[in-house]
Amino acid sequence: MASAGRYIPTEREQTFVGSIENPKYDRGIINGLKPFFEDKAPEDIKGFYAPDELSILLKLKGTDRDVESRMPVKMTRHFFELAQTSEPLKHIIKANPDETLNLAGSEDPGYQMDYAPVEGLLHKYEMGLMYVVSTCSAHCRFCYREELISQKDIERQDGTVAKKGLAKIKPITDYILAHNKIVAENGGRHPVTGREKLREMLLSGGDPMVLPNRKIGEWMAALAEAGIESIRLGTKEMSFHPKRFDDAFLAMIDNFHETYPEVGFRLMIHFNHPDEFLLKASDGSYQTNPNGSLKWHPDTLRAMQGLVERGWINIENQAPIIKGINDDADALRVMQRALYRVGVGNHYFFCGRDIVAYQAFNVPIETAWNILNESQKGLSGVETHARLSITHYRGKTEVSAVTGDPIPGLKGAENGVLIFKILRNALDAPRRGKVCIVGRNPDAIWFDDYEDRVLFDEAGLFDYARVEKKTIKVEDPLLEAVPA
Ligand code: SF4
């Protein structure tokens, strides 16, 4: 995509961006294991790792099993304090030597780079996702962006090897404008890919909420000027440092809404476990309000209410189901109920991806389905909107059902079946709704584990070849870079 020159903001953008306040935030971040190895962590945080845990982690330092080279270690004071009374929360951020026992996995899960027409942009479905930053306030050990956060070299489809780069406003907006122009001129579909208008963009990373308000505002305004209809922002900051959603941030968002009232804004938050936002009593139970509802942490509740009361912001939670963290039907039931009560939708739960070392984190697919199904028993219909999704290389796929009993007369279904359904195809829409039925395998944690028991596959999940890049016109890098 030719995008020479500097990005020139419009007058409207400049006025909006010029109004943004940029406070600094003190998250009390502890970066890496070094402060623990060298006994330099703040006094009350020192005990987060026991001496024997530290000595094993130190022995692994510099070896293939170094946990920090797989995924940098980082935590905030707010999250540390929450984790004092929660084992699942400790697991989210605490490095464990077992993480690197088995390093099998994909260095570019989902072959994301096949869908990157411009550095830092993934163009899948009708949506674009941008890496706008490569870190978060704290780091989840199970992160499926570990390759971005730890800045690993990734092999591209053309055989070159490079770290994943971050998005820049000029090339991204040039790409959006060029793509949408071609779509408009071709009756609503791209002539090469069949895709529709790029109408929704997700600011992602890393966590965009670690950026200053001004940078977030610059991105939002530039996307709005490029004709984007809906902006999403994916964040775990509500859990790591909820005070980040302060008056200055809300003023920026309000001003954005006044300037671009036709552009939707969706906040995709990430809570894995209710301990991240509910208050606990000394016996470990959740504290309740006089009417029996569960009491939120005051900082998180304030942040959430500030967003929810602006009715034009949609807030949805999505989270993977991870071993030792939230593979617990009771925790998920409490979480879905408590989130919906304050106005947060339950969007997806995910099966873990095939990241490097995935076996340390992923719950078997059928177990994850059972846990989610169990968790939704007794919830009201509106509280149970979440589906279980697993990201196949073909696109977002739902784990729709797992049968408990054999299906009489169907060979291979003696132990029951699992049904996958394509929700969103990575390239375009025609496969949506197509299913794949496999004989059960309770130990399966990735698609490979069903390879020998496929019964019906109209979705083509087990007939997958990496997308082929088609060079249409060498002088037109837009077409050259888009997979056909
Ligand atoms: S917040 Fe998200 S991107 Fe950041 S470390 Fe956790 S899973 Fe990864």
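Residues numbered from 1 in each chain as written. Predicted model: local features only at pLDDT ≥ 70, side-chain atom pairs only at ≥ 80, totals over all residues.

A. Region of interest: the overall build of the protein. Counting its regular elements, the protein contains 15 helices and 16 strands. If you line up the protein on its principal axes, its C-alpha atoms span 65 × 65 × 50 Å. In the protein, the proportion of contacts linking residues at least 24 apart, taken out of those at least 6 apart, comes to 72%. (Helix = DSSP H or I, 4+ residues; strand = E, 2+ residues; numbered from the N terminus. Contact = placed C-beta atoms within 7 Å.)

B. Main features of the nonpolar core. In this structure, Phe-79, Met-130 and Ala-368 are the most contacted members of the largest nonpolar core, which totals 113 residues. Counting residues per element, this core draws most heavily on helix α9 (residues 213-225), which supplies seven residues. With six residues, the next largest nonpolar core counts Phe-36, Leu-57, Val-67 and Ala-95 among its residues. (Core = buried A, V, L, I, M, F, W, Y, C linked by C-beta atoms within 7 Å. Buried ≥ 20, exposed ≤ 12 C-beta atoms within 10 Å, placed from the backbone.)

C. Structural detail: the site of the ligand. With respect to spatial proximity, the complete set of residues near the ligand consists of Cys-136, His-139, Cys-140, Cys-143, Arg-145, Gly-206, Asp-207, Lys-236 and His-270. A class-by-class count of the residues in the shell around the ligand yields three nonpolar, three polar and three charged. (Near = placed C-beta within 6 Å. Nonpolar A, V, L, I, M, F, W, Y, C, P; charged D, E, K, R; others polar.)

D. Representation of the packing of α9 against helix α11 (residues 247-259). Where α9 contacts α11, the two axes come as close as 10 Å, and the packing angle between them is 15 degrees. It follows that α9 is roughly parallel to α11 by the angle criterion. Once α9 is placed against α11, the crossing between them reads as right-handed. Listed contacts from α11 to Asn-213, Gly-217 and Met-220 of α9 are Ala-248, Phe-249, Met-252 and Phe-256. Its residues assigned to classes, the contact of α9 with α11 comprises five nonpolar, two polar and no charged. (Axes fitted to C-alpha atoms, helices over the stretch in contact; angles between N-to-C directions. Parallel < 35°, antiparallel > 145°, perpendicular 65-115°, else oblique. Left-handed = near helix turned anticlockwise from the far one by under 90°.)

E. Seen up close, the domain arrangement of the protein. We note that the domain assignment places domain 1 (11-24 + 104-385), domain 2 (30-100) and domain 3 (394-465) within the protein. The gap between the C-alpha centroids of domain 1 and domain 2 is 25 Å. Counting residues at the interface gives 24 residues for domain 1, matched by 23 residues for domain 2. Among the secondary structure elements, those contributing two or more residues to the side of domain 1 that touches domain 2 are α7 (146-149) and α10 (237-240). Among the residues forming the side of domain 1 that touches domain 2, the class breakdown is 10 nonpolar, nine polar and five charged. (Domains from an automatic or database assignment.)

F. A look at the pairing of strand β9 (residues 264-269). By the bridge criterion, six bridges tie strand β8 (residues 230-235) to β9 in an arrangement that is parallel. By the bridge assignment for β9, Ser-230 is matched with Gly-264. Here five bridges tie β9 to strand β10 (residues 313-320), and the two strands are oriented parallel to one another. Paired with Arg-266 across the two strands is Asn-314, which belongs to β10. Handedness of the crossover joining β9 and β10 through helix α12 (residues 298-308) is recorded here as right-handed. (Pairing = 2+ DSSP bridges. Right-handed = clockwise from strand over helix to strand, strands pointing away.)

G. Structural view of α12. Residues Thr-300, Ala-303, Met-304 and Leu-307 constitute the buried set of α12. In a view along the axis of α12, the buried residues occupy a sector of 95 degrees, so they form one face of it. Along its buried surface, α12 packs onto α10, β9 and β10. (Arc of directions from axis to C-beta.)

H. Structural view of the packing of helix α1 (residues 11-18) against α9. Remark: α1 packs on α9, axes separated minimally by 10 Å, with the N-to-C direction vectors making an angle of 160 degrees. What the angle tells us is that α1 and α9 run roughly antiparallel. Note that α1 runs across α9; the crossing there is right-handed. Counting all contacts with α1, which are made through Glu-13, Phe-16 and Val-17, the residues of α9 involved are Arg-214, Gly-217, Glu-218, Ala-221, Ala-222 and Glu-225.

I. Spatial organisation of the sheet that holds strand β13 (residues 395-402). Ordered by their spatial adjacency, 12 strands build an open sheet running β3-β4-β7-β8-β9-β10-β11-β12-β13-β14-β15-β16, and the pairing between neighbours is mixed. In this open sheet, the two strands that pair with only one neighbour each are β3 (121-124) and β16 (454-457). Along the sheet, successive strands turn relative to each other by an average axial angle of 25 degrees, direction set aside. Its contacts with the sheet put helix α14 (residues 365-375) on β11 (345-350), β12 (387-392), β13 and β14 (417-425), and the angle it makes with β13 is roughly 70 degrees.

J. Inspection of helix α13 (residues 329-341) at higher detail. Helix length check: α13, at 13 residues, gives a terminal C-alpha distance of 18 Å against a target of 18 Å (1.5 Å per residue), a fit within 8%. Those residues of α13 not exposed but buried are Leu-332, Arg-333, Met-335, Gln-336, Ala-338 and Leu-339. Among the structural elements, β10, β11 and α14 are those in contact with the buried residues of α13. The first or second residue beyond α13 is Gly-343, which carries a positive phi of 105 degrees. (Expected span 1.5 Å × (residues − 1).)

K. Broad picture of the environment of Leu-101. Within the fold, Leu-101 resides in the loop between α6 (87-93) and β3. Each C-alpha atom of the pair Leu-101 and Gly-284 lies 32 Å from the other, and the pair is 183 residues apart in sequence.

L. Main features of unusual backbone geometry. In this chain, Gly-205 is followed by Gly-206 through a cis amide linkage whose omega measures 15 degrees. Within the fold, Gly-206 resides in the loop between β7 (200-204) and α9. Non-glycine residue Asp-39 carries a positive phi angle of around 55 degrees. Residue classification places Asp-39 among the exposed positions, given that 8 C-beta atoms sit within 10 Å. Of note in this structure, Ala-357 is not a glycine but carries a positive phi near 75 degrees.

M. Seen up close, the environment of Ala-116. Take Ala-116: it is sitting in the loop between α6 and β3. Judged by the 25 C-beta atoms lying within 10 Å of it, Ala-116 falls in the buried class. Along the chain, Ala-116 and Gly-433 lie 317 residues apart, while their C-alpha atoms are 25 Å from each other. Once you skip the residues sitting within four places of it in the chain, Ala-116 turns out to touch Leu-121 and Leu-122.

N. View of the confidence of the model for the protein. Across the protein, the average pLDDT comes to 91, with 92% of residues at or above 70. Under a pLDDT of 50 for its full length, residues 468-484 has, in the predicted model, 30 contacts with residues more than four places off or in other chains. (pLDDT = per-residue confidence, 0-100.)

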